Amino acid sequence: MSIETTLQVPEVHCDHCKTSLEGAVGGLGGVSRVEVSIPDATLDVTFDDDAVTLDTIKQTIEEQGYVVFG
């Protein structure tokens, strides 16, 4: 089943952050869309929960060096 959610990533502040997170999360199997908003410090993600869990997505964000809420 496809799930859409928005996560708060308060340390996002530049294009490097955006590119890093979109590449890492977008590279996970089951993720169909990921978009980082620098002004809002959010990461919108659409994923198939049969292929990847929200916890795995959050862990991937944390592995990139960011704190994540949501």
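Shown above is the structure to which this text applies.
Just so you know, these numbers come straight off a predicted model, no measurement behind them.

Asker: Give me the side chain of Thr60: which residues, what numbers.
Answerer: When you line up the elements, Thr60 lands in helix α2 (residues 54-63). Thr60 gets classed as buried once you look at its relative accessible area, which sits at 10%. Excluding its chain neighbours within four sequence positions, the residues that come into contact with Thr60 are Ala24, Val25 and Leu28.

Asker: How would you sum up the pattern of salt bridges? Please name residues and give values.
Answerer: For the coordinates displayed, the defined rule picks out 2 salt bridges. Notably, a salt bridge pairs Glu22 with Lys18, separated by 2.9 Å at the nearest N-O pair. Separated by 4 residues within a single helix, Glu22 and Lys18 lie in helix α1 (residues 15-26), roughly one turn from each other. Judged by relative accessible area, which is 23%, Lys18 ranks as partly exposed. Notably, a salt bridge pairs Arg33 with Glu35, separated by 3.7 Å at the nearest N-O pair. On the accessibility criterion, Arg33 (33% relative accessible area) is partly exposed.

Asker: I'd like a description of the nonpolar core, backed by residues and values.
Answerer: Of all hydrophobic cores here, the largest spans 18 residues; its most connected members are Val9, Leu21, Val25, Val31, Leu43, Ile57 and Ile61. Those elements that place two or more of their residues in this core are α1, β2 (31-37), β3 (42-48) and α2. Residue contacts for Val31: discarding those within four places in its chain leaves Val25, Gly26, Val45, Thr46, Phe47, Val52 and Ile57.

Asker: Explain the state of the cysteines to me, and be specific about the residues and the numbers.
Answerer: Scanning all chains against the criterion turns up 0 disulfides. Residue Cys14 stays outside any disulfide, its sulfur separated by 3.4 Å from that of Cys17, the closest cysteine. Given a relative accessible area of 25%, Cys14 falls into the partly exposed group. Of the residues examined, Cys17 reaches a relative accessible area of 3% and is grouped as buried.

Quick notes on the rules
Counting restarts for each chain: residues are numbered from 1 in the order of the written sequence. Since the coordinates come from a predicted model, pLDDT governs what is reported: local features require at least 70, and pairs of side-chain atoms require 80 or more to be given and counted, while whole-chain, interface and lining totals use all residues. Side-chain calculation: all heavy atoms of the structure are included, whereas hydrogens and water are not. In DSSP terms, a helix is any run of H or I states spanning at least four residues, a strand is any run of E spanning at least two, and both are numbered starting from the N terminus. For every residue, the accessible area obtained with a 1.4 Å probe (protein chains only) is divided by the maximum for its type, and the residue is called buried under 20%, exposed over 50%, and partly exposed between those limits. Any pair of residues with heavy atoms lying within 4.5 Å of one another is described as a contacting pair. Any carboxyl oxygen of Asp or Glu that lies within 4 Å of a side-chain nitrogen of Lys or Arg is treated as forming a salt bridge with it. Here, nonpolar core means buried Ala, Val, Leu, Ile, Met, Phe, Trp, Tyr and Cys residues that are tied together by side-chain atoms lying within 4.5 Å of each other. We call a pair of cysteine sulfur atoms a disulfide when they lie within 2.5 Å.

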